[in-house]
Amino acid sequence: MRINIWWIRRDLRLRDNQALQAARNNGSCVLPLFILDSALLKNSAENRRAFLFSALHSLDKELQRRGSRLFVREGKPLQVLTELVQEMSVSAIYAEEDYSPYARRRDAEISRHLPLKLTGGLTIHPPSAVVQADGSPYKVFTPFSKAWKALPAPSRSVISIPEVFAPPPKIDSKPLPLVSQPASFPASEQEAQQRLEAFAKTLIYDYQENRNRLDLDGTSRLSPYLRFGLISIRQLVNTALEAIENAPDPKAQHSAETWLNELIWREFYIAVLYHFPYVLRTAFNTSLRDIPWRESPEDLYAWQEGRTGYPIVDAAMRQLKQTGWMHNRGRMIVASFLAKDLLINWQEGERWFMRWLVDGDPAANNGGWQWSAGVGTDAAPYFRIFNPVLQGKKFDPQGTYVRRWVPELANVPNEFIHEPWLMPADLQRTTKCQIGVDYPAPIVDRKQARVRTLSAYRHLRA
């Protein structure tokens, strides 16, 4: 019997899976395999491991319903795959191509020894395809986006879920760890489809207006599912394109286009990491690699724990620790605060996010942090510093988001919810929110911090 391995990596789904389809088209028996690779798992956040293992359990159930099962092995991928190829006379190994530095090194080594065949699926267009006329990579999002849109659109036909699998060979499989299902993000392909359906019905047409509102449920919350491939980027892009075509009015069309651009930002950051892998170690902007960052463990800890005295910052940081996720507007606010108000190295924030985020992805996380710190490709100008008070008033006008995640401020009136230190002493006692006792005073004077930060950046630029 001809046996092909479907090596599952960041494609934990049956629907619209190009690697799975290729394995089925070229063999009568498919072996669904996941490798517990210590090189990846050792630095993985507990939240992501829980989501990953829950998703694998769910995938295994779906495979068993169709006459197959998930096989799990542990070790270095080359060694594991070599043993399986020899053990079962495997014809080929099919996997979705990944573009991270580690994945590229891993796959290049395996290809020298084994019949590894890589398919598309992680992105709409591979990073090598979205380049300038001379072949050089883009460093700014807008021209990248235009070039991306000029390439052929993805196929509108989504690969259906296979109904039946040939019985798999009887080989040993390591049991998957039992973990608690992440409460905020049930890890299954079905959940991803339901979230997309709900978003596509109405929310996508209000996305432009509501996407930055921290107090509203205006985003898709699909990022963890896309991160691990419980849903394909092709299906999401097709959903956006269909919404654009069927929009009832120009405003709705613009909202759908805005969501499509967010998906293209993901591909942009994957391309940046592909072409400039050193960004994982240092700033992309060579002139801003030696900013005199402050060493302040106390301020860093206050930021990590959501105890800065700035309510919108603290709410977002507490949401991260409690749920493993943070609203994108919140990510920009807290990143700006760490790098430009506290003048603490953005890499501290990058590491902290990767420790907690369920959707933590090296390319997107690094790109977002370098953008916020003003040191990356197409970054926010170094002199652009988010004002957390104004950000709170604009994107959480009634303080709903703040009160949810910072219960100390539950009784604070709207007029003071983003500046509680301005409350009169008697009102602080009445609301049971005494600054410096129940809730911390601001850890930094932003006016002084702005002068300090601009001086540090301008010195290097000069």
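To keep things clear, this report deals only with the structure shown in the data block. (Residues numbered from 1 in each chain as written. Predicted model: local features only at pLDDT ≥ 70, side-chain atom pairs only at ≥ 80, totals over all residues. Heavy atoms only, no water.)

Some points on the overall build of the chain
Each helix and strand counted, the chain has 20 helices and five strands in total. Rg of the C-alpha trace for the chain: 24 Å, near the compact-globule value of 23 Å for 462 residues, within the 12% margin. Taken over the C-alpha atoms alone, the chain extends approximately 80 × 50 × 50 Å along its principal axes. Within the chain, the proportion of its 462 residues that are buried is 56%. By element, 49% of the accessible surface of the chain is carried by carbon and sulfur atoms, the whole surface being about 20,500 Å². Counting 59 positive and 49 negative side-chain charges, the chain places the averaged centre of each group 2 Å from the other. (Helix = DSSP H or I, 4+ residues; strand = E, 2+ residues; numbered from the N terminus. Rg over C-alpha atoms; globule rule 2.2 N^0.38 Å. Buried < 20%, exposed > 50% of the residue type's maximum accessible area, 1.4 Å probe, protein only. Areas by Shrake-Rupley, 256 points an atom, 1.4 Å probe, with all protein chains shown as cover. Lys, Arg positive; Asp, Glu negative; His and termini not counted. Charge placed at Lys NZ, Arg CZ, Asp CG, Glu CD.)

Here's the deal with the pattern of salt bridges
All told, the structure shown has 26 salt bridges when counted by the stated rule. With a closest N to O distance of 4.0 Å, Asp 361 and Arg 227 form a salt bridge. Of the two residues, Asp 361 is situated in the loop between helix H15 (346-356) and helix H16 (362-373) and Arg 227 in helix H9 (residues 223-227); the sequence distance between them amounts to 134 residues. You can call Asp 361 buried: its relative accessible area is 12%. Of the charged contacts in the structure, one is a salt bridge between Glu 419 and Lys 393, with a shortest N-O distance of 3.0 Å. Placement of the pair is Glu 419 in the loop between helix H18 (400-405) and helix H19 (425-430) and Lys 393 in helix H17 (residues 388-395), with a sequence separation of 26 residues. When salt bridges with common partners are traced through the structure, they connect Arg 10, Asp 98, Arg 227 and Asp 361 into a single cluster. (Salt bridge = Lys/Arg side-chain N within 4 Å of Asp/Glu carboxyl O.)

Quick look at the nonpolar core
Trp 6, Trp 259, Trp 303 and Val 313 are the most contacted members of the largest nonpolar core, which has 130 residues in total. A total of twelve residues in this core trace back to one element, the largest contributor, which is helix H11 (residues 250-275). Ile 5, Val 90, Ile 93 and Ala 95 belong to the second-largest nonpolar core, a separate cluster that totals 20 residues. (Core = buried A, V, L, I, M, F, W, Y, C linked by side-chain atoms within 4.5 Å.)

A look at the packing of helix H14 (residues 328-341) against H15
Running from N to C, H14 and H15 point in directions that differ by 140°, and their axes come no closer than 8 Å. Classified by the interaxial angle, the pair formed by H14 and H15 is oblique. The element H14 and its partner H15 pack so that their crossing is right-handed. Between H14, through Arg 331, Val 334, Leu 338 and Ala 339, and H15, the contact on the second element is made entirely by Trp 346, Glu 348, Gly 349 and Phe 353. (Axes fitted to C-alpha atoms, helices over the stretch in contact; angles between N-to-C directions. Parallel < 35°, antiparallel > 145°, perpendicular 65-115°, else oblique. Left-handed = near helix turned anticlockwise from the far one by under 90°. Contact = heavy atoms within 4.5 Å.)

Overview of H14
If you check H14, its first and last C-alpha atoms are 19 Å apart, about what 14 residues at 1.5 Å a residue would give, namely 20 Å. Counting buried positions along H14 gives 13 out of 14 residues, so the element sits mostly inside the fold. Positioned one or two residues after H14, Leu 343 has a phi angle of 55°, which is positive. (Expected span 1.5 Å × (residues − 1).)

Some words on the sheet that holds strand E2 (residues 29-36)
Read across the sheet, five strands follow the order E3-E2-E1-E4-E5 without closing on themselves; strand pairing throughout is parallel. Since the sheet does not close on itself, it has two edges, and those belong to strand E3 (71-74) and strand E5 (116-119), each with one partner. Going across the sheet, the axis of each strand differs from the next one's by a mean of 30°, ignoring polarity. Direction of pairing for strand E1 (residues 3-8) relative to strand E4 (residues 92-96): parallel, over a ladder of four bridges. Residue pairing in the sheet places Trp 7 in a bridge with Ala 95 of E4. Running over the sheet, helix H4 (residues 77-88) touches E1, E2, E3 and E4 and is turned about 155° from E2. (Pairing = 2+ DSSP bridges.)

Focus: the side chain of Ser 145
Positionally, Ser 145 belongs in helix H6 (residues 141-150). In this view, Ser 145 contacts Asn 261 and Ile 264; residues no more than four positions away in its chain are not counted.

Here we look at helix H7 (residues 189-201)
Here H7 contains 13 residues, and its C-alpha end-to-end distance of 19 Å stays within 8% of the 18 Å for a straight helix at 1.5 Å per residue. Those residues of H7 lying buried are Glu 189, Glu 191, Ala 192, Gln 193, Arg 195, Leu 196 and Phe 199. Summarising the contacts, the buried residues of H7 are in contact with helix H3 (46-65), helix H8 (207-210), H9, helix H10 (233-245) and H11.

Remarks on the side chain of Asp 359
Here Asp 359 shows up in the loop between H15 and H16. Residue classification places Asp 359 among the buried positions, given a relative accessible area of 9%. In this structure the side chain of Asp 359 is engaged in a polar contact, spanning 2.8 Å, whose partner is the side chain of Arg 331. When sequence neighbours within four positions are dropped, the list of residues in contact with Asp 359 reads Ser 223, Pro 224, Arg 227, Trp 325 and Arg 331. (Polar contact = N/O pair within 3.5 Å; in protein donor to acceptor, adjacent residues only side chain to side chain.)

A short note on the packing of aromatic side chains
One pass over the structure, following the stated rule, counts 26 aromatic pairs. Aromatic pair Phe 199 and Trp 259: ring centres 4.9 Å apart, planes at 50°, arrangement tilted. You can see Phe 199 sitting in helix H7 and its partner Trp 259 sitting in helix H11, a full 60 residues away along the chain. The burial state of Phe 199 is the same as that of Trp 259; both residues are buried. Seen from their ring centres, Tyr 382 and Phe 383 are 5.3 Å apart, and the 80° between their planes marks the pair as edge-to-face. The exposure class of Phe 383 is partly exposed, given its relative accessible area of 44%. Following the ring pairs from residue to residue traces out a cluster consisting of Tyr 138, Phe 141, Phe 144, Trp 265, Phe 268 and Tyr 269. Its end group placed over the ring of Phe 165, Arg 24 keeps NZ or CZ at 5.0 Å from the ring centre. The ring of Phe 71 carries the charged tip of Arg 69 above its face, separated from the ring centre by 4.8 Å. (Phe/Tyr/Trp six-rings, centres within 6.5 Å; stacked < 30°, edge-to-face > 60°. Lys NZ or Arg CZ within 6 Å of the ring centre and 35° of its normal.)

Quick notes on the environment of Arg 156
Of note, Arg 156 is situated in the loop between H6 and H7. Apart from residues lying up to four places away in sequence, Arg 156 is in contact with Asn 238, Leu 241, Glu 242 and Glu 245.

Some points on the packing of H14 against H17
Following both chains from N to C, one finds H14 and H17 inclined at 170°, their axes separated by 11 Å at the closest point. Here H17 runs roughly antiparallel to H14, going by the angle between their axes. Listed contacts from H17 to Arg 329, Ile 333, Phe 337 and Asp 341 of H14 are Pro 388, Gln 391 and Phe 395. Residue classes in the contact of H14 with H17 are distributed as four nonpolar, one polar and two charged. (Nonpolar A, V, L, I, M, F, W, Y, C, P; charged D, E, K, R; others polar.)

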